[in-house]
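Report on the structure
Here's the letter readout for the chains.
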Amino acid sequence: MLEIRHLEFSYRDGDQTPMCFDLDVADGEVVSLIGPSGSGKSTLLNLIAGFLVPGGGQIRLDGVSIESLPASRRPVSIVFQQHNLFPHLDLYTNVALGVDPSLRLTSSQSENVRAALERLGLAELQQRKPGALSGGQRQRVALARALVRRRKILLLDEAFAALGPALRAELIELVKSLVRENGMTALLVSHQPRDALLASERTAFICDGRVLALQPTTELLERSPLAAVGEYLGST
Ligand code: ADP
Ligand code: MG
């Protein structure tokens, strides 16, 4: 289980109210994060990944604090909208970099890379470079690279935002299967309420650097009494 307790952060000293996040995610769960632009969704994911250092608070995984570990040692992988693939390297190599940045893979690690490419339907394309792929295929590569890292927590920051609805739905289903098959836990930021409905039983609403609500997705989207949720959804 992932527990986030009073996790504080300010981009600038002297900000009146720092962001402060509290969130509990069960083992194996996928939770969607929605909320207005600038509300702190990416900041929260970057704090969990270790790219930002909190002013205070805890991040615990199965009871063990991870907030003081460097990013490279956290049990976390993150997938962004911008896939961050290296354009001059083929898919196999791009994915292998997820295992070892120096690319000295053991034979079983290379086998894992091949298995991940296979699982994501990319086996035939492994010699291609990212420029020769569709947007959906590129995000599959980004998922494969996250998968081979074998980290428990998978974070997706608007990873599929550039894709059309049908493709987004397909990739969300894929993420759910991967999470189940690999015993991961995932947080998925999306701007589409429909993505949250497809992705997760529970959704967190983030506003002004706080988790204002964490509840069943349909309840949040259809019956939230919070004015901020209504405003965000455009239903007030
Ligand atoms: P979201 O992902 O929900 O759109 P962010 O976490 O990116 O929101 O941003 C939260 C707030 O922090 C916003 O007000 C944003 O302008 C501010 N912010 C984000 N990144 C930086 C940065 N590098 N420096 C200063 N302020 C930032
Ligand atoms: Mg963001």
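Where a protein is soluble and globular, its nonpolar side chains tend to be buried together. Counting 36 residues, the largest nonpolar core has Val79, Leu143, Leu154, Leu156 and Phe160 as its most contacted members. When contributions to this core are tallied by element, the ones reaching two or more residues are helix H2 (91–99), helix H3 (107–119), helix H4 (135–148), strand E7 (153–157), helix H5 (165–181) and strand E8 (185–189). Per element, the largest residue contribution to this core is 7 residues, and it comes from H4. Here this core gathers at least three residues from each of two domains, domain 1 (2–75 + 151–233) and domain 2 (87–150).

Applying the stated criterion across every chain yields a total of 2 aromatic pairs. Here Phe9 and Tyr11 contribute two aromatic rings whose centre-to-centre distance is 4.8 Å and whose plane-to-plane angle is 85°, an arrangement assigned as edge-to-face. On the basis of relative accessible area, Phe9 is assigned to the buried category, the value being 9%.

Every residue lining ligand 1 is accounted for by Tyr11, Arg12, Met19, Pro36, Ser37, Gly38, Ser39, Gly40, Lys41, Ser42 and Thr43. For ligand 1, an oxygen atom lies 2.8 Å from a polar atom in the side chain of Lys41. In the complex, 58% of the free accessible area of ligand 1, which totals 570 Å², lies under the protein chains. Among the elements that take part in the shell around ligand 1, helix H1 (residues 41–49) stands out by supplying 3 residues, more than any other. Residues of the shell around ligand 1, tallied by class, amount to 3 nonpolar, 6 polar and 2 charged.

Of all 9 residues in H1, 8 are buried, a share of seventy percent or more. Residues Lys41, Thr43, Leu44, Leu45, Asn46, Leu47, Ile48 and Ala49 constitute the buried set of H1. Where H1 terminates, the next one or two residues include Gly50, which has phi positive at roughly 90°.

One way to put it is that H4 packs onto H5 with a least axis distance of 11 Å and a crossing angle of 15°. As the angle between them shows, H4 and H5 are arranged roughly parallel. For the crossing formed where H4 meets H5, the hand is right-handed. Contacts from Gly136, Gln139, Arg140, Leu143 and Leu147 of H4 reach H5 at Leu167, Glu170, Leu171, Leu174, Val175 and Leu178.

The strands making up a sheet are joined through hydrogen bonds of the backbone, oriented either antiparallel or parallel. Overall, mixed pairing links the 6 strands, which are arranged E6-E7-E8-E3-E9-E10 in an open sheet. Across the chains shown, the open sheet's two edge strands, defined by having one partner strand only, are strand E6 (76–80) and strand E10 (210–216). Averaged over neighbouring strand pairs, the angle between their axes works out to 20° when direction is ignored. Taken strand by strand, H4 contacts E6 and E7, and its axis lies near 170° from that of E6.

Okay, the pattern of salt bridges next. This model, assessed by the stated rule, comprises 11 salt bridges. Glu173 is the partner of Lys176 in a salt bridge, and the nearest nitrogen-oxygen pair spans 3.6 Å. Remark: Glu173 and Lys176 occur in helix H5; sequence separation between them is 3 residues, near one turn of the helix. On the accessibility criterion, Lys176 (24% relative accessible area) is partly exposed. Its relative accessible area of 38% is what places Glu173 among the partly exposed residues. Taken together, the shared-partner salt bridges connect Glu3, Arg5, Asp24 and Arg60 into one network.

Cut-offs and rules
- Along every chain, residues carry numbers that run from 1 in the direction the sequence is written.
- All chains are assigned letters beginning with A, and all ligands numbers beginning with 1, in the order in which they are written.
- Local features are withheld for residues below a pLDDT of 70 in this predicted model, meaning they are given only at 70 or higher, and side-chain atom pairs are given and counted only at 80 or more; totals for whole chains, interfaces and linings count all residues.
- As a rule here, side-chain values cover all heavy atoms of the structure and leave hydrogens and water aside.
- Nonpolar cores were defined as sets of buried Ala, Val, Leu, Ile, Met, Phe, Trp, Tyr and Cys residues, with membership established by side-chain atoms within 4.5 Å.
- Relative accessible area decides the class of each residue, using a 1.4 Å probe on protein chains only: under 20% of the type maximum gives buried, over 50% gives exposed, and in between gives partly exposed.
- Elements are defined by DSSP. Helices are runs of H or I of four residues or more, strands are runs of E of two residues or more, and each kind is numbered from the N terminus.
- Just so you know, the domain bounds were taken from an automatic or database domain assignment.
- Each Phe, Tyr or Trp ring (for Trp, its six-membered ring) is paired with any other whose centre lies within 6.5 Å, and the angle between the two planes then decides the class: stacked below 30 degrees, edge-to-face above 60, tilted in between.
- One heavy atom suffices: a residue is near a molecule or strand as soon as one of its heavy atoms comes within 4 Å of it.
- Polar contacts, as counted here, are pairs of nitrogen or oxygen atoms within 3.5 Å of one another; within protein the pair requires one atom able to donate a hydrogen and one able to accept it, and residues that are adjacent in sequence qualify only if both atoms are side-chain atoms.
- Only the protein chains shown count as cover for residues, with accessible areas throughout obtained via the Shrake-Rupley method and a probe of 1.4 Å.
- In this classification, Asp, Glu, Lys and Arg are treated as charged, Ala, Val, Leu, Ile, Met, Phe, Trp, Tyr, Cys and Pro as nonpolar, and every other residue, Gly included, as polar.
- For helices, the axis comes from a line fit to the C-alpha atoms of the stretch in contact; other axes are also lines fit to C-alpha atoms, and the angle between any two N-to-C directions lies between 0 and 180 degrees.
- Angles are sorted into four bins: roughly parallel if under 35 degrees, roughly antiparallel if over 145, roughly perpendicular if 65 to 115, and oblique for all others.
- Two helices crossing with the near one rotated counterclockwise from the far one by less than a right angle form a left-handed crossing, whereas a clockwise rotation gives a right-handed crossing.
- In this description, contact between two residues means that some pair of their heavy atoms is separated by no more than 4.5 Å.
- Here, any two strands with at least 2 DSSP bridges between them count as paired.
- Think of a salt bridge as a Lys or Arg side-chain nitrogen and an Asp or Glu carboxyl oxygen that are within 4 Å of each other.

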